[in-house]
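# Observations on the model geometry
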Amino acid sequence: MKILNLGSMNVDNVYQVDAFLLPGETKLSQGLNLFCGGKGLNQSIAAVRAGSEVWHAGLIGEDGGMLLDKLRENGVNTDLIRQVPGKGGHTVIQVNQQGQNCILLYGGTNRQLTTELIDGIFDAFGGEGAVLLQNEVNLLPYIIETAHRRGLPVFLNAAPMDEQISECDLNLVNWLIVNEVEGRQLVEDCAESEILDALSAKYPKMNILLTLGGSGAMCRKGNDIYSIGICSVDVVDTTAAGDTFSGYFLYGVLNGLELPECLRMATAASALCVGRAGAADSVPWLEEVKRTMEEGTLHIPAVHEKI
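Here's a quick rundown of the structure. None of the values given here were measured: they were computed from a predicted structure.

### Concerning the sheet that holds strand β9 (residues 154-157)
A sheet is described by the order of its strands in space; here 10 strands give the open sequence β5-β4-β1-β8-β9-β10-β11-β12-β13-β14, paired in mixed fashion. The sheet is open, and its two borders are formed by β5 (77-83) and β14 (303-305), each paired with just one other strand. The sheet shows a mean angle of 15° between the axes of neighbouring strands, direction not considered. Sheet analysis places strand β13 (residues 224-228) next to β14, joined by 3 bridges and oriented antiparallel. Looking at β14, one finds that Tyr-226 is bridged to Glu-305. Contacting β1 (3-6), β8 (130-134) and β9, helix α4 (residues 140-149) crosses the sheet at an angle of about 170° to β8.

### A look at helix α3 (residues 115-125)
The periodicity of an α-helix, 3.6 residues per turn, causes residues three or four places apart in sequence to face the same way. For α3, every residue scored as buried is listed here: Leu-117, Ile-118, Ile-121, Phe-122 and Phe-125. One side of α3 carries all its buried residues, which in axial view fall inside an arc of 135°. Seen from the buried face of α3, the exposed residues on the opposite side, beyond 90 degrees, are Glu-116 and Asp-123. Structurally, α3 contributes buried residues whose contacts are with β1, β4 (54-60), β5, β8 and α4.

### Comments concerning the packing of helix α1 (residues 39-50) against helix α2 (residues 65-73)
Between α1 and α2, whose axes approach to 10 Å, the crossing angle comes to 15°. Of the possible angle classes, the one that applies to α1 and α2 is roughly parallel. The interaxial crossing formed by α1 with α2 has left-handed handedness. Contacts between α1 and α2 involve Leu-41, Ser-44 and Ile-45 from the former and Leu-67, Lys-70 and Leu-71 from the latter. Class assignment of the residues belonging to the contact of α1 with α2 gives a composition of 4 nonpolar, 1 polar and 1 charged.

### Looking at the nonpolar core
Counting 50 residues, the largest nonpolar core has Leu-41, Leu-209, Cys-219, Tyr-248, Phe-249, Leu-263 and Val-289 as its most contacted members. Top contributing element to this core by residue count: helix α9 (residues 259-273), with 9 residues. Beyond its immediate sequence surroundings of up to four residues, Leu-209 is in contact with Trp-175, Leu-176, Ile-177, Val-178, Met-218, Cys-219, Phe-245, Phe-249 and Leu-263. If you look at the next biggest cluster of nonpolar residues, it comprises 44 residues, including Leu-4, Leu-113, Leu-170 and Leu-186.

### Focus: unusual backbone geometry
Glycine aside, negative phi is the norm for most residues, and most peptide bonds take the trans geometry. The omega angle of the peptide bond from Ala-159 to Pro-160 is -5°, so this bond is cis rather than trans. Position of Pro-160 among the secondary structure elements: in the loop between β9 and α5 (163-166). Although it is not a glycine, Leu-139 adopts a positive phi angle of roughly 60°. Turning to its location among the elements, Leu-139 is positioned in the loop between β8 and α4. In this structure, His-299 takes a positive phi of about 55° despite not being glycine.

What counts and what doesn't
Residues numbered from 1 in each chain as written. Predicted model: local features only at pLDDT ≥ 70, side-chain atom pairs only at ≥ 80, totals over all residues. Heavy atoms only, no water. Pairing = 2+ DSSP bridges. Helix = DSSP H or I, 4+ residues; strand = E, 2+ residues; numbered from the N terminus. Axes fitted to C-alpha atoms, helices over the stretch in contact; angles between N-to-C directions. Contact = heavy atoms within 4.5 Å. Buried < 20%, exposed > 50% of the residue type's maximum accessible area, 1.4 Å probe, protein only. Arc of directions from axis to C-beta. Parallel < 35°, antiparallel > 145°, perpendicular 65-115°, else oblique. Left-handed = near helix turned anticlockwise from the far one by under 90°. Nonpolar A, V, L, I, M, F, W, Y, C, P; charged D, E, K, R; others polar. Core = buried A, V, L, I, M, F, W, Y, C linked by side-chain atoms within 4.5 Å.

Here you go:
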């Protein structure tokens, strides 16, 4: 099944620091690298490297040539990307010595979509496939409604969380992807162990993938609930780990894999991702993930079913 990803594309300015800056503090960075990123671009590349056919759609600015090149190099269909005047999306990312990051995001052309452009994208994509979305573009409620009206299943990563998510009809979403912070925000704060049940109670028709950082991930489809821990690996950069997890999990779901196998594959892929610097370039290919799983070098934890 092919995937339409109407998502963000950013140039990531990644600064290496010994510790995150404090308010009012000035310090020298230990290094600077430019990477292609954005949750949309990262997830398109993750889905393609996992084995999916992906059509990426959206707007890039005058500085977006490297983003277009990166998508094409990875086999993403870019026919639905349009370049427009102005500054494209970009980020300022601090990465500390533990590999953790903090991100300042400027939306740029990612936030300049129109309803006419969105309608044209869906017309060109056609009536078969799935739609992958993130909250780094504007008009997200309209995109979700349009996908649902055209009979296309929606996979929504509700990050970054802001007021636009509250304007979306999440009952139209087939799979919701959130981390523990975003999950709590959607259900008005609760204990980590209660997030999945609270989300399911609020949106009973929606399937949920809940990522929990160092605690692993959980997913729920109907009455089936599974959880998995993390692999113990040396962390270099966590920037695209969540996007890698989402892209591989999506591949598994769309290709009919059982949920435990989807979780195992996504966990292996994200473990490989955090061992490398950068965003899109750190996403592993399917062949590497499968080989690593077969060799058992990552010691992937067992999947547990909640009865």
